[in-house]
Amino acid sequence: MDGRSLIRRRAGLRLWLSAGWLMLLGIAALLAPWIAPKDPLAQDLFLGRLPPFWMAGAEPGYWLGTDSLGRDVLSRILHGARVALLVALVAGTITCLIGATLGLLAGFLRGWVDMVISRLIDIWMAFPPVLFSILLIAVLGPGLTSIIIAIVVIDWTRFARVVRAEAMAQGAMDYVASARVAGRGRIGTMVREILPNVLPTVVVLLTLEMGIAVIVEAILSFVNLSISTDDPTWGGMIAEGRTSIHQAWWVLVFPLITLFLTVLSFSQLGEGLKDRFDPVLR
Amino acid sequence: MIPGGAAKQDMRHRVTGTGMVILRTLLTRLLTTVITLAGVAVIVFFVIRVVPGNPIAMMLPPGATEEDIARLSALYGLDKPLVTQFGIWVAGVLQGDFGTSITTRQPVLDLVLGRLPATLELSIMALVMAVILGGTAALIGTRYRGGRREGAIDVANGMALSVPDFLWGLVLILLFGVLWPVFHISGRVTPSLELPFTTDFYLFESLIRLRFDLWADIVAHMFMPALALAIPLAAIIGQLLKQSLKETMNLDYVTLARTKGYGEARVILREALRNAALPTLTLVGVQFTFLIGGTVIIERLFSYEGLGNMAIDAVVNRDLPLIQGIVLLFALIFTAVNLIVDLLYAVLNPRLRHA
Amino acid sequence: MSFLSIRNLSVRLKGGPPLLRRVSLDVAPGEVRGLVGESGAGKSMIGKAVLGILPPSVEVTAGEILLDGTDLLTLSAKDRRRRIGASCALIPQDPLTALNPSHRIGPQITDRLVDILGWGRTEAEARAKALLAEVQIADPDRVLRSYPHELSGGMRQRILIASAFAAEPRLIVADEPTTALDVTVQKQILSLIRDMQARHGTALLFVTHDLGVVSKVCQRLSVLYAGMVVEDAAVTDFFAAPHHAYSAALLAATPKYTDPKAGLNPVPEAVIEAVRAEVAAFDRESAR
């Protein structure tokens, strides 16, 4: 077997593992109200900091133990998946639509449109993104909608930067010129000729962006600026686990593993797709 | 720039003259920096004011009376029209007055400058770690290219790149704070220690004063946050540098060096590394600004008393002048880093250095 | 006894077709041997095999390369490198890419003397200066302090020649050293190489596609087709009467310096067919 097919096989495995985990997570999120063993909000101070099932002192039914308020860790992780994936899908898609459109316009139309958008991107790049998002949440108030808006406002530049460069490269090619000669309008050319060619890149970026959205949500709930503190979020659980790390490591470890795998999967899925789309490797 | 493009670059710069090139780069960059900073100032100022919600009410504890609100508004000049407020703020900033923090009643500039050294030390330590880790990975990967060791390095790089600093921080806390507690998981220095320092550059000053006991304590505090910040950047350096090293290793002057009797390691280090490092450098500059941005959440995670931790407190406490000051400072650092990288590139590239 | 002796050397692309087919040739001390053939005939590959710089995608399948009686292919990588470094040198094809853009000229000549051969720094620098003077560079001090991009292509090729002779090697491989240069510079560089070779008594393996160049510089030549030596002869004999049909056709295809109007006669199809059949027969033979 030569190196190239080895790379492809490894990339294929990576692609399927990531997709598998995300599918599993998606199903768990959808079915959370039915498959979660306990009510994620139910507190029971007598059952506080129960260890996971294989350790001494575990209670049956609390598979992954409980946090300091006696809430079931597994149930909270499952319900947390709903928040995480919702943010990933909605914020990712909106960011993608706005960012890619702006990038396409800047890269294809050039001129003053490009000037304005590029300068905006420069300004955006000078903001520390985490601080920016925290700032926005502070202004918008906590809540899912605020998180989604914050992600869109901050991350559109990721799409705009890449799509702009791609559109510019594509716009310089002969097939675009011939479409124009054939009498297609500027916007028509952009939508019919350029867009399909930048689409693979956009899909890859979208996948990566979903992973980023999951992280941003986790960070914001870690800083306690996400949705209300009672609602289960991975970031909120991690924040709680961080404070009681020496007493109850499982409160931190399980949501962390879930988050880690999810972020890794989105990223590997994106990279895997990139290899798939890459004509050099295909 | 790819090494193969060398000849073309060569021609262009010989014609223009080097001093001119650097000067022109500098001027363009300064101009765009000013525009960018102005944009940042405008956005941060208006975003925290224009969006629904009375900023004065946000500053006060719940249950404050209308009178309190009015008095406070007047005190901070917030009763004036927005544009006037902005003018006053900008005029102040240009004179070095960033206003007064609402929560601590201290000048914003003093607060910010007091915390800046902690964040700078953390960022630079992280950068050094990233360069060492990434550089080593790239060199080993190049030395054993095509082999299993290169494959292992690629996989590790891919992992490191996929997961952001925040998660690496948590993983490190579990590993070196709980499982095998060798490093401190919070703070910048053990609070009970007597600090003889006159500056806020603890790490640097402890070295200068030869207080290695303090230095070790500070490093034990900084190690994990710095490593968490360093891991993703190390992966990027590892990937880019390995890529361009491998390209460089096929160039004629490297082949010629091989015929002279040099070993592989020496050929990589002496012939290829410097030329391969140049294209990596610019990208690392951009990535370093991401690293600095990452200090905000990493400092929070490790309760490290730096600028980022203060920024989150400022946001939570609705301390508008402090938020403005910190964001502006971050923007200034970001643009400065990019400028420095551009200049460094010019200095390190002999084609640009000599006319 | 010959200084370099290649015996039945076979090289192929890893998992691919052969690139050299049982090549044998000898270079006596101080002798100049030309390696001639069309592009892809494997003439550069021989030079690379001798210098131990075959690309990683290529492997030696059989044969020996005897340098001063020792088979390089049986040595450890390190010993081979040391031995080649101490007694051989390369004059590369493209002077624009063969000098490291990050280093000044001085160290690029002197480093091997200091690091590999253990010379003193000042001694090596004096040597570099003398060599630059020898290759007719007007201002050696300035050139030694220059970066490659500050010098012209012809100048850089002179430096590379000087550098090749720096350690008084016993064998130099010149890999199409004039191909990348302007025609006007080509002649100067060619006569420079010849003069230097004669003065230092160095054996030279001269890779070229140009029989005209061979007639001026070499004493013996090997003609290659598809990695096979089709003719090995003294230059005078060869130009008087080439033995192999292919080399005869190649000679006929070369413009004569004496009579440029004679024109180019491309190698006839029939000759190509015949030599291809010969290669195929050879492959059948070795497959058996």
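Look above for the structure.
The numbering scheme is per chain: residues are counted from 1 as the chain's sequence reads. The order in which chains are written sets their letters, starting at A; the order in which ligands are written sets their numbers, starting at 1. The predicted origin of the model limits local features to residues at a pLDDT of at least 70 and limits the giving and counting of side-chain atom pairs to 80 or more, whereas totals for whole chains, interfaces and linings rest on all residues. Neither water nor hydrogens contribute to the side-chain values; these are computed over all heavy atoms in the structure.

Q: What is the right way to look at the overall build of chain A in this model?
A: Note on conventions: DSSP H or I runs of at least 4 residues are helices, E runs of at least 2 residues are strands, and numbering of each starts at the N terminus. A tally of regular secondary structure across chain A gives 9 helices and 0 strands. Listing each helix as α and each strand as β along chain A from the N terminus yields α-α-α-α-α-α-α-α-α. Its C-alpha atoms give chain A principal-axis dimensions of about 75 × 55 × 30 Å. For the exposure calls, accessible area comes from a 1.4 Å probe over protein chains only, and a residue counts as buried if that area is under 20% of its type's maximum, exposed if over 50%, partly exposed in between. Buried positions account for 52% of the 282 residues belonging to chain A. Here the accessible surface of atoms and residues is derived via Shrake-Rupley with a 1.4 Å probe, and residues count as covered only by protein chains that are part of the display. For chain A, the accessible surface area stands at approximately 12800 Å², while carbon and sulfur atoms represent 67% of it. When charges are counted, Lys and Arg contribute as positive and Asp and Glu as negative, whereas His and the chain ends are disregarded. Lys charges are placed at NZ, Arg charges at CZ, Asp charges at CG and Glu charges at CD. In chain A, the 23 positive side-chain charges and the 20 negative ones have mean positions that sit 9 Å from each other.

Q: I'm lost on the overall build of chain C in this one. Help?
A: If you tally the helices and strands in chain C, you get 11 helices and 10 strands. Radius of gyration here is computed from C-alpha atoms only, and the compact-globule reference equals 2.2 Å multiplied by the residue count raised to the power 0.38. For 288 residues, the compact-globule estimate of 2.2 N^0.38 gives 19 Å, and the C-alpha radius of gyration of chain C, at 20 Å, lies within 12% of that figure. Dimensions of chain C along its principal axes, counting C-alpha atoms only, are 60 × 50 × 35 Å. Burial analysis of chain C (288 residues in total) assigns 51% to the buried set. Contacts are assigned to residue pairs with any non-hydrogen atoms lying within 4.5 Å of each other. Considering only intrachain contacts with a sequence separation of at least 6, the fraction spanning at least 24 residues in chain C is 66%. Of the roughly 12500 Å² that chain C leaves accessible, carbon and sulfur atoms contribute 53%. Seen as two clouds, the 33 positive and the 32 negative side-chain charges of chain C have centres 3 Å apart.

Q: Before we go on, may I ask you to explain the interface of chain B and chain A in this structure?
A: When the parts of a complex come together, some accessible area is lost, and that lost area is often used as the size of the interface. Every contact between the two is made by 48 residues of chain B and, on the other side, 35 residues of chain A. The term buried area denotes the loss of accessible surface (1.4 Å probe radius) that occurs when two parts are joined, taken as the sum for both partners. Roughly 3700 Å² of surface becomes buried between chain B and chain A when both sides are summed, with 85% attributable to carbon and sulfur atoms. Salt bridge, as used here: a side-chain nitrogen of Lys or Arg that lies within 4 Å of a carboxyl oxygen of Asp or Glu. Taken together, chain B and chain A are joined by 0 salt bridges. Whenever a nitrogen or oxygen atom comes within 3.5 Å of another N or O atom, the pair is scored as a polar contact, on the condition that within protein one atom can donate a hydrogen and the other can accept it, and that pairs from neighbouring residues in sequence are kept only if both atoms are in side chains. Linking chain B with chain A are 4 residue pairs in polar contact (both at pLDDT 80 or more). Going through the elements one at a time, helix 2 (18–50), helix 7 (148–162), helix 8 (165–179), helix 12 (264–301), helix 13 (307–316) and helix 14 (320–348) of chain B are the ones with two or more residues in the side of chain B that touches chain A. In the side of chain B that touches chain A, the residues fall into 37 nonpolar, 9 polar and 2 charged. Under the scheme applied here, ten amino acids are nonpolar (Ala, Val, Leu, Ile, Met, Phe, Trp, Tyr, Cys and Pro), four are charged (Asp, Glu, Lys and Arg), and all others, including Gly, are polar.

Q: How should the pairing of strand 2 (residues 18–27) of chain C be read in this particular structure?
A: Regular strands show a simple pattern: their side chains alternate between the two faces of the sheet. Residues and elements named next belong to chain C. By the convention used here, strands pair only if DSSP detects at least 2 bridges between them. Relative to strand 2, strand 1 (residues 4–13) runs antiparallel, the two being bridged by 6 bridges. Paired with Val 11 across the bridge in strand 2 is Leu 20. Hairpin geometry of strand 1 and strand 2 is characterised by an intervening segment of 4 residues between the two adjacent antiparallel strands and by a positive phi of about 65° at Gly 15.

Q: What is the right way to read the pattern of salt bridges from this model?
A: Pairing between side chains of opposite charge can happen when the charged atoms of each approach one another. Counted by the stated rule, this structure contains 33 salt bridges over all chains. The residue Asp67(A) makes a salt bridge to Arg76(A) at a minimum N-O spacing of 3.9 Å. Since its relative accessible area comes to 2%, Asp67(A) is described here as buried. According to the relative accessible area criterion, Arg76(A) is buried, its value standing at 4%. Here Arg119(A) ties to Asp122(A) by a salt bridge, and the two come within 2.9 Å at their closest N and O atoms. Of this pair, Arg119(A) and Asp122(A) both sit in helix 3 (residues 111–125), 3 residues apart, which is roughly one turn of the helix. One continuous salt-bridge network, built from bridges that share partners, spans Arg266(B), Arg270(B), Asp111(C), Asp115(C) and Arg121(C).

Q: Which parts of the structure should I look at to understand the side chain of Thr66(A)?
A: Residues and elements named next belong to chain A. Inspection of the secondary structure puts Thr 66 in the loop between helix 1 (3–35) and helix 2 (73–109). The class for Thr 66 is buried, based on a relative accessible area of 0%. Side-chain polar atoms of Thr 66 contact the backbone nitrogen of Arg 49, separated by 3.1 Å. When near neighbours in sequence (up to four residues on either side) are disregarded, Thr 66 contacts Leu 47, Gly 48, Arg 49, Leu 50, Arg 71, Asp 72, Val 73, Trp 250 and Val 251.

Q: Honestly, the nonpolar core in this entry has me stumped. Any pointers?
A: Only buried residues count toward a nonpolar core. Its members are Ala, Val, Leu, Ile, Met, Phe, Trp, Tyr and Cys residues joined through side-chain atoms within 4.5 Å. Counting residues in hydrophobic clusters, the biggest one holds 153 residues, and the most contacted among them are Phe166(B), Leu167(B) and Ile326(B). If one sorts the elements of this core by residue count, helix 10 (residues 212–248) of chain B sits on top with 15 residues. In this view, Ile326(B) contacts Leu131(A), Val112(B), Leu307(B), Met310(B) and Ala311(B); residues no more than four positions away in its chain are not counted. Ile159(C), Ile161(C), Leu190(C) and Val214(C) belong to the second largest nonpolar core, which has 92 residues in total.

Q: Hey, could you run me through the pairing of strand 6 (residues 88–91) of chain C in this one?
A: All names here are of chain C. Of the two faces of strand 6, the one carrying Cys 88 and Leu 90 and the one carrying Ala 89 and Ile 91 are both buried. Where strand 6 lies against strand 7 (residues 171–175), 4 bridges are found, and the strand directions are parallel. Each residue of the ladder has a partner; that of Cys 88, found in strand 7, is Leu 171.

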